[in-house]
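# Observations on the three-dimensional arrangement
Listed below, chain by chain, are the residues.
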Amino acid sequence: TQLLEQSPQFLSIQEGENLTVYCNSSSVFSSLQWYRQEPGEGPVLLVTVVTGGEVKKLKRLTFQFGDARKDSSLHITAAQPGDTGLYLCAVHGSGNTGKLIFGQGTTLQVKP
Amino acid sequence: NAGVTQTPKFQVLKTGQSMTLQCAQDMNHEYMSWYRQDPGMGLRLIHYSVGAGITDQGEVPNGYNVSRSTTEDFPLRLLSAAPSQTSVYFCASSNNYGYTFGSGTRLTVV
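Note that the structure is a prediction, hence the values are computed from the model and not measured. (Residues numbered from 1 in each chain as written. Chains lettered and ligands numbered in written order. Predicted model: local features only at pLDDT ≥ 70, side-chain atom pairs only at ≥ 80, totals over all residues. Heavy atoms only, no water.)

Glancing now at the nonpolar core. Counting 22 residues, the largest nonpolar core has A:Leu19, A:Leu32, A:Trp34, A:Phe63, A:Leu74, A:Ile76 and A:Leu108 as the members making the most contacts within it. Elements with a contribution of two residues or more to this core: β3 (19-24), β4 (32-37), β5 (44-49), β7 (61-65), β8 (71-76), β9 (85-92) and β11 (106-111) of chain A. Apart from the residues lying within four places of it in its own chain, the contact partners of A:Leu74 are A:Leu19, A:Thr20, A:Val21, A:Trp34, A:Leu61, A:Thr62, A:Phe63 and A:Tyr87. Counting 18 residues, the second largest nonpolar core, distinct from the first, contains B:Met19, B:Trp34, B:Leu107 and B:Val109. (Core = buried A, V, L, I, M, F, W, Y, C linked by side-chain atoms within 4.5 Å. Buried < 20%, exposed > 50% of the residue type's maximum accessible area, 1.4 Å probe, protein only. Helix = DSSP H or I, 4+ residues; strand = E, 2+ residues; numbered from the N terminus. Contact = heavy atoms within 4.5 Å.)

Taken residue by residue, the interface counts 20 residues in chain B and 21 residues in chain A. Around 1,500 Å² of area is buried between chain B and chain A when both sides are counted, 56% of it from carbon and sulfur atoms. Broken down residue by residue, the surface that chain B buries against chain A is led by B:Leu43, B:Tyr99 and B:Phe101, which jointly contribute 31%. Seen at the junction of chain B and chain A, the total is zero salt bridges. Counting across the interface, chain B meets chain A through three residue pairs in polar contact (both at pLDDT 80 or more). Breaking the side of chain B that touches chain A down by element, the ones donating at least two residues are β4 (31-38), β5 (42-51) and β10 (99-101) of chain B. Tallying contributions element by element places β5(B) first for the side of chain B that touches chain A, with five residues. The residue makeup of the side of chain B that touches chain A, split by class, is eleven nonpolar, eight polar and one charged. (Buried area = accessible area lost by both parts, 1.4 Å probe. Salt bridge = Lys/Arg side-chain N within 4 Å of Asp/Glu carboxyl O. Polar contact = N/O pair within 3.5 Å; in protein donor to acceptor, adjacent residues only side chain to side chain. Nonpolar A, V, L, I, M, F, W, Y, C, P; charged D, E, K, R; others polar.)

Glancing now at the sheet that holds strand β7 (residues 64-66) of chain B. All names here are of chain B. In space, the four strands of this open sheet follow the order β1-β3-β8-β7, with antiparallel pairing throughout. The open sheet is flanked by β1 (4-7) and β7, the only strands paired with a single partner. Across the sheet, the mean angle from the axis of one strand to that of its neighbour is 20°, orientation sign disregarded. (Pairing = 2+ DSSP bridges. Axes fitted to C-alpha atoms, helices over the stretch in contact; angles between N-to-C directions.)

Everything listed is a geometric property; what it means functionally is a separate question.
Laid out in structure tokens, this is it:
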């Protein structure tokens, strides 16, 4: 059983469209991270959310942590081809900072 | 600032061979981890370390050994490679905030 369920698994959209990616769990977390991975590279941290209901913005990306701290969403406004990549959510397993557990990821393709 | 350095970038092994994947970080991070990434499976934790001399198992530890004799280095050993270990391996380090990942080792076991 996956600790973190991401949806959708794949998303192919046209440049300029908006999209939302979800990360859900039945567990409560003290914090949650989002990473983006490009082909041939390791994941790169985008944001960490720590407070229930928190909203963080990174240019055209908006991250939200659920009120109950069990889920999170990533919304991209006016997607561009440079947004193409694998988006991963992650949490610390069993409250252990040394143990980062990932969701399966959402593969996003933005076509020009 | 090199960050996390993994070597080699590519490797082909025959079934039964052994090898060590190297990982070094120059950020004085306490935490280091090894992940494998397979299509549709995301990143799965193999082993992790919370400091020099301390290691623990992750989700998929079988077939892999680790040690952490220094803060900087965290090698991953495959004792007897199997085709099921064909994957992309990532090493990461953290200072209790976000993780910094290496660029990966693509391993094929034939």
